[in-house]
Amino acid sequence: PTSYTKTTTRSTHLVGRILGAQGLRPTPIDTKGFQSVLKLIENTNADSFDLFFGLYKYNRNSGYTIGRLRVALEGVVGELLQRDGVMGVFGDNGNRDGSGDERRTDGG
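Per-chain numbering applies: the sequence of each chain, read as written, is numbered from 1 onward. Whole-chain, interface and lining totals are the exception, using all residues; otherwise, since this is a predicted model, local features are given only for residues with pLDDT of at least 70 and side-chain atom pairs are given and counted only at 80 or more. Based on all heavy atoms of the structure, the side-chain values leave hydrogens and waters out of the count.

Participant: Even after reading the chapter, I still don't get the overall build of the chain, so can you show me in this structure?
Facilitator: Assigned secondary structure in the chain consists of 4 helices and 0 strands. Listing the helices and strands of the chain from first to last along the sequence gives α-α-α-α. Looking at the chain residue by residue over its 108 residues, the buried ones come to 16%. Within the chain, residue pairs in contact and separated by at least 24 positions form 53% of the contacts whose partners lie at least 6 positions apart. Working definition of accessibility: Shrake-Rupley area with a 1.4 Å probe, residue cover restricted to the visible protein chains. Looking at the chain as shown, the accessible area adds up to about 8,600 Å², and 56% of this sits on carbon and sulfur atoms. Helix and strand labels come from DSSP, where a helix needs a run of H or I of at least four residues and a strand needs a run of E of at least two; each type is numbered from the N terminus. Three labels apply to residues, based on accessible area from a 1.4 Å probe with only protein chains included: buried if under 20% of the type maximum, exposed if over 50%, partly exposed otherwise in between. By definition, residues are in contact when any of their heavy atoms lie within 4.5 Å.

Participant: I'm lost on the packing of aromatic side chains in this one. Help?
Facilitator: One pair of aromatic rings is described through two measures. These are the centre distance and the angle between the planes. Ring pairs are drawn from Phe, Tyr and Trp, using the six-membered ring of Trp, whenever the two centres fall within 6.5 Å, and their geometry is named by plane angle: stacked under 30 degrees, edge-to-face over 60, tilted for the rest. Taken as a whole, this structure holds 2 aromatic pairs when the rule is applied. Judged by centre distance (5.2 Å) and plane angle (65°), the ring pair of phenylalanine 49 and phenylalanine 52 falls under edge-to-face. Here phenylalanine 49 and its partner phenylalanine 52 are both found in helix α3 (residues 49-57), 3 residues apart, which amounts to about one turn of the helix. Among the residues examined, phenylalanine 52 registers a relative accessible area of 10% and is labelled buried. One aromatic cluster is present, formed by Phe49, Phe52 and Tyr56 through successive ring pairs.

Now the structure itself:
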């Protein structure tokens, strides 16, 4: 039970902080799922970064949690890249900042 609590707390706070770092904001057409994501961000980022840091610094399994998240992300991105018609998950020009998502209309 205590180990479950630690695992779920670490995972929840890590994912919430990562999603929060993307600067996601509400829109007029939010789905229920996206509203849940925004609530996760709100809940996890309401705690101080020092508390978040403490969850990782003082737990020997923190590196394992981060490693599993990285492997999962790489697996999902890899699957996207293997599908037909996907030019790349970072947009047409490969920018990781999301600027490649917009389609050029100036003929270039």
